Amino acid sequence: MGKIILTGDRPTGKLHVGHYVGSLRERVRLQNTGDFDKIFIMIADAQALTDNAEHPEKVRENIIEVALDYLACGLDPEKSTIFIQSMISELTELTFYYMNLVTVSRAQRNPTVKTEIKMRNFEANIPVGFLTYPISQAADITAFKATTVPVGEDQKPMLEQCREIVHKFNSLYGETLVEPEILLPKNSACLRLPGIDGKAKMSKSLGNCIYLSDEPDVVKKKIMSMFTDPNHLRVEDPGETDNNPVFIYLDAFCRDEHFEEFLPEYKNLDELKAHYQRGGLGDVKVKKFLNNVLQSELEPIRNRRKDWEKRTSDVYEFLKQGTSVAKEVAAQTLYEVRDALKINYFDYLK
Ligand code: ATP
Ligand code: MG
């Protein structure tokens, strides 16, 4: 059995630096190692509709934005199959069968879904589709027989739920589905990058993001307005680095070379942190350094995006081709699933 990746993003906005460190950067790296037999990258528009049913235009308009961000980061349609979820009806059919393998109380227990329900103020008005989106995610993963799912930490409960569905299906109907493994970023700062407001997670829906396509002056403004340690009032005060978003971003992005280039009086991040902790280092200096680091990381991405923006019809063509390849793979799995359920009725007439 080969090594297969499936992962993706909801087209609810442009992609941000949280997506980059949580999943995108790793995807591009894995794509270029050549270690995987197949890589499927899904633009999860059907999932995005589960909490945006009143605004399908928002989802539709963001498909191209996400695709442009992918290409800008270095995903290569020659090496990775990029496709649009809702164009593959096989995924919906798989979801429908998997729904029977999950209880309502299990669906309600998913901690990420619970947090998102609170965040979206759904209260008593939770759309059924939203509550069950982890089941549709299990369909997405298993349809491509994915062995590896590179994602951020918020996706852990989804992978757990998916593995439960695989076990239940295989034990009821015989070995059919492949059990996937989650692949989390090794750097703990990247598991769940906080927002610039210091909130737990940078998220398109919370509007606390630095977008990959933000212009340099916008990035700088956002960094200079970032939350830091609220008790670090004067330069000479000792400061905290652990729960300080500016230092978490440095953990996620900076390398020793950045010190050589932008802040040669320190060798590495440990030295900078030690100075901040003992006092005598101002927030502005740290933020200016973070700005230099981020600008150098984002500039090539922004430039590649601008080139692709001039060729959107080529981008749609890639999406169309990717979708057609993905549809064939999903159709084969659906056939196997129906076979395991023995509901390929007309085959038995042969
Ligand atoms: P939405 O608010 O619409 O849910 P989102 O910003 O959470 O959007 P998703 O499309 O749900 O983005 O997530 C896509 C991928 O990016 C997932 O693998 C998720 O784990 C990862 N991810 C999202 N936000 C972060 C973050 N702040 N830090 C690390 N990884 C993240
Ligand atoms: Mg999300």
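Residue indices begin from 1 for each chain and proceed along its sequence in written order. Each chain gets a letter, beginning with A, and each ligand a number, beginning with 1, in the order they are written. For this predicted model, a pLDDT threshold of at least 70 governs which residues receive local features, and a threshold of 80 or more governs which side-chain atom pairs are given and counted, while totals over whole chains, interfaces and linings are taken from all residues. To obtain the side-chain values, all non-hydrogen atoms of the structure were included, while hydrogens and water were left out.

Caption draft 1: Main features of the environment of Leu-191. Topologically, Leu-191 is positioned in the loop between strand E5 (181–183) and helix H10 (216–224). Sequence separation between Leu-191 and Glu-153 is 38 residues, and the spatial gap between their C-alpha atoms is 5.1 Å. Non-local contacts of Leu-191, meaning those with residues more than four positions away in its chain, are made with Gly-152, Glu-153, Leu-184 and Pro-185. Labels follow the DSSP assignment, with helices taken as runs of H or I lasting at least four residues and strands as runs of E lasting at least two, numbered in each case from the N terminus. The contact criterion used is simple: two residues touch if any of their non-hydrogen atoms lie within 4.5 Å.

Caption draft 2: Unusual backbone geometry, seen in detail. Despite not being glycine, Asn-121 shows a phi value in the positive range, around 55 degrees. Only protein chains enter the calculation, and the probe is 1.4 Å; a residue is then buried if its accessible area is under 20% of its type maximum, exposed if over 50%, and partly exposed in between. With a relative accessible area of 56%, Asn-121 lands in the exposed category.

Caption draft 3: Molecular detail of helix H1 (residues 17–33). To estimate the expected span of a helix, count its residues, drop one, and scale the result by 1.5 Å. The terminal C-alpha atoms of H1 lie 22 Å apart, and with 17 residues this matches the ideal 24 Å at 1.5 Å per residue to within 8%. Here the bend at each residue means the angle between axes fitted to two seven-residue stretches, the one ending at that residue and the one beginning there. The largest bend in H1 comes to about 45 degrees, at Ser-23. Within H1, 13 of the 17 residues are buried, which leaves it mostly tucked inside the rest of the structure. Among the residues trailing H1, Gly-34 stands out with phi positive, at a value near 75 degrees.

Caption draft 4: Quick peek at the site of ligand 1. Every one of the 22 residues lining ligand 1 counts as a neighbour, but Thr-12, Asp-154, Lys-201, Ser-203 and Ser-205 are closest to it. One nitrogen or oxygen atom from the main chain of Arg-10 is found 2.9 Å from an oxygen atom belonging to ligand 1. Counted as a polar contact is a pair of N or O atoms within 3.5 Å, where, for protein atoms, one must be capable of donating a hydrogen and the other of accepting one, and residues adjacent in sequence contribute only when both atoms are in side chains. In this structure, an oxygen atom belonging to ligand 1 sits 2.4 Å away from a side-chain N or O atom of Asp-154. Here, Shrake-Rupley sampling with a 1.4 Å probe gives the accessible areas, and only protein chains in the shown set may cover a residue. If ligand 1 stood free it would expose 600 Å²; the protein chains cover 97% of that surface. Looking at the shell around ligand 1, the elements with two or more residues in it are strand E1 (4–9) and H1. The element that contributes the greatest number of residues to the shell around ligand 1 is H1, accounting for three residues. Nearness is defined per residue: one heavy atom within 4 Å of the molecule or strand is enough.

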